[in-house]
Amino acid sequence: MTGAIEAAAALVAGAHSVVVFTGAGMSAESGVPTFRDDLTGLWARFDAERLATPEAFHADPDLVWGWYEWRRSRARRAEPNAGHRAVAALEAAVPGTTVVTQNVDDLHERAGSAAPNHLHGSLFAPRCIGAGAHPAVFPDAEEPQEGRRLAPPRCDACGALVRPGVVWFGEALPEEALRAAVAAAASCDVLLTVGTSGVVYPAAEIPRIAARAGAAVVQVNPDPTPLDAVSTLNLRGTAATILPALVPV
Ligand code: BV8
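Overview of the pairing of strand S5 (residues 162-166)
Residues in a regular strand point their side chains to alternate faces of the sheet. The element S5 is largely enclosed, with a buried count of five among its five residues. The pairing of strand S4 (residues 121-128) with S5 spans four bridges and is antiparallel. Note that in S5 the partner of Cys 128 across the bridge is Val 162.

Focus on the site of the ligand
Looking at the ligand, there are 36 residues lining it, with Tyr 68, Arg 71, Val 167, Thr 196 and Ser 197 nearest. Here an oxygen atom of the ligand sits 3.0 Å away from a polar atom, N or O, in the main chain of Gln 102. Separating an oxygen atom of the ligand from a side-chain N or O atom of Ser 197 is a distance of 2.6 Å. Here the ligand, which alone exposes 1500 Å², has 73% of that area covered by the protein. For the shell around the ligand, the secondary structure elements donating two or more residues are helix H2 (25-28) and helix H5 (61-77).

With respect to the pairing of strand S1 (residues 18-22)
Burial of S1 is extensive: five of the five residues sit out of reach of the surface. Both faces of S1 are covered, namely the face carrying Val 18, Val 20 and Thr 22 and the face carrying Val 19 and Phe 21. In the sheet, S1 pairs with strand S6 (residues 190-194) via five bridges, with the strands oriented parallel. Its bridge partner being in S6, Val 18 is matched across the sheet by Val 190.

Some points on helix H8 (residues 175-187)
Think of an α-helix as turning once every 3.6 residues; residues three or four places apart then point the same way. Here H8 spans 19 Å end to end across 13 residues, near enough to the 18 Å set by a 1.5 Å rise per residue. Elements that come into contact with the buried residues of H8 comprise S1, strand S2 (97-101), strand S3 (117-118), S6 and helix H9 (205-212).

Concerning helix H6 (residues 82-93)
Across its 12 residues, H6 extends 16 Å between first and last C-alpha, which sits within 8% of the 16 Å expected from 1.5 Å per residue. Along H6, the residues classified as buried are Gly 83, His 84, Ala 86, Val 87, Ala 88, Leu 90 and Glu 91.

Examining the domain arrangement of the protein
One can read the domain layout of the protein as domain 1 (1-30 + 79-120 + 172-249) and domain 2 (33-77 + 123-166). Computed from C-alpha coordinates alone, the two centres of domain 1 and domain 2 are separated by 27 Å. Contacts between domain 1 and domain 2 engage 12 residues on the former and 10 residues on the latter. Carbon and sulfur atoms make up 56% of the surface buried where domain 1 meets domain 2, a total of about 690 Å² over both sides.

Quick look at the side chain of Ser 27
As for its position among the elements, Ser 27 is in helix H2. Those residues in contact with Ser 27 that lie beyond four places of it in its chain are Val 32, Asn 81, His 84, Asn 103, Asp 105 and Leu 107.

Brief notes about the packing of aromatic side chains
Each aromatic ring pair is described using two quantities: the centre-to-centre distance and the angle formed by the ring planes. Here the structure, examined in full by the defined rule, presents three aromatic pairs. Ring geometry for Phe 57 versus Trp 168: centroids 5.5 Å apart, planes at 35°, classification tilted. With Phe 57 in helix H4 (residues 54-59) and Trp 168 in the loop between S5 and H8, the pair connects residues that are 111 residues apart, well separated along the chain. Here Phe 57 and Trp 168 have matching classes, each one buried. Among the aromatic side chains, those forming a connected cluster through ring pairs are Phe 57, Trp 67, Tyr 68 and Trp 168. Cation over ring: Arg 71 sits above Trp 67, and NZ or CZ is 4.7 Å from the ring centre. Stacked on the ring of Trp 168, the Lys or Arg Arg 163 has its end atom at 3.9 Å from the ring centre.

What counts and how
- Residues numbered from 1 in each chain as written.
- Predicted model: local features only at pLDDT ≥ 70, side-chain atom pairs only at ≥ 80, totals over all residues.
- Heavy atoms only, no water.
- Buried < 20%, exposed > 50% of the residue type's maximum accessible area, 1.4 Å probe, protein only.
- Helix = DSSP H or I, 4+ residues; strand = E, 2+ residues; numbered from the N terminus.
- Pairing = 2+ DSSP bridges.
- Near = heavy atom within 4 Å.
- Polar contact = N/O pair within 3.5 Å; in protein donor to acceptor, adjacent residues only side chain to side chain.
- Areas by Shrake-Rupley, 256 points an atom, 1.4 Å probe, with all protein chains shown as cover.
- Expected span 1.5 Å × (residues − 1).
- Contact = heavy atoms within 4.5 Å.
- Domains from an automatic or database assignment.
- Buried area = accessible area lost by both parts, 1.4 Å probe.
- Phe/Tyr/Trp six-rings, centres within 6.5 Å; stacked < 30°, edge-to-face > 60°.
- Lys NZ or Arg CZ within 6 Å of the ring centre and 35° of its normal.

Given below as structure tokens:
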């Protein structure tokens, strides 16, 4: 595969604008379980796509808040991996680089990425469910326990329940984030898609928009995905081992 990695590195080195589109696999080598690995204990009987919904939160706020607080504590304890650091280095080497992530952790930021575009929100931006959607500060709750319920706090401003600052299934993506991601994908020379199964829409359209616009699409994933079909190069490997080889020296 070294030929493919060299070809991908040459594409990146010759690019004026690059989009790096990342999914849960980007954080796997930091020890953050991928989206569907997280269901343990109390949550194990649920399907992630059923738990990550407004209906689940409405039905049992403590169950859903407990899951997200557990995930947030896992993300806080994790460290960015060599893949996150390579993305930050790529941004420095190619000024026209845009990072678009489906991930809700903050590992891109902690690796030095300036302003990753969080299409699905963030574990670190809770807000209340009141009309004002007031940003909430995190309570000094006890360390979340795996598989345990935890009561969400109430908003200081209006008393409404606080919810995770993520985009749930059935919820619209942040308009400006999606618009910017589509614009970047439609005008880039190269799009790197890293660690995503490419099945969650409308985010999964991003690599397909780049391919349709004539960009070279390079996929980094140890496993085949539906994005194989739109990728110019498929690099069968992990984010932390492949991405450093793609950064122009
Ligand atoms: C919406 C936040 C409408 C929460 C998440 C067509 C068009 C539009 C919508 C739909 C559609 N069809 C269906 C829908 C509905 C739905 C959807 O797409 N469902 C899927 C299941 C079919 N979409 C929605 O509901 C979206 N909203 O459409 O709203 C609307 C419009 C207007 C007004 C009102 C409503 C909202 C979707 C967002 C959901 N929220 N996250 C949370 O995190 O709890 S999605 C969540 O799942 C993650 O954020 C992530 O995006 C996704 C998981 O995907 P991946 O990141 O790809 O992760 P995955 O585990 O699947 O794959 C990991 C990959 O990494 C694997 O391939 C693996 O091989 C690889 N890997 C592993 N290790 C490594 C690695 N790769 C590299 N290195 C490694 N070390």
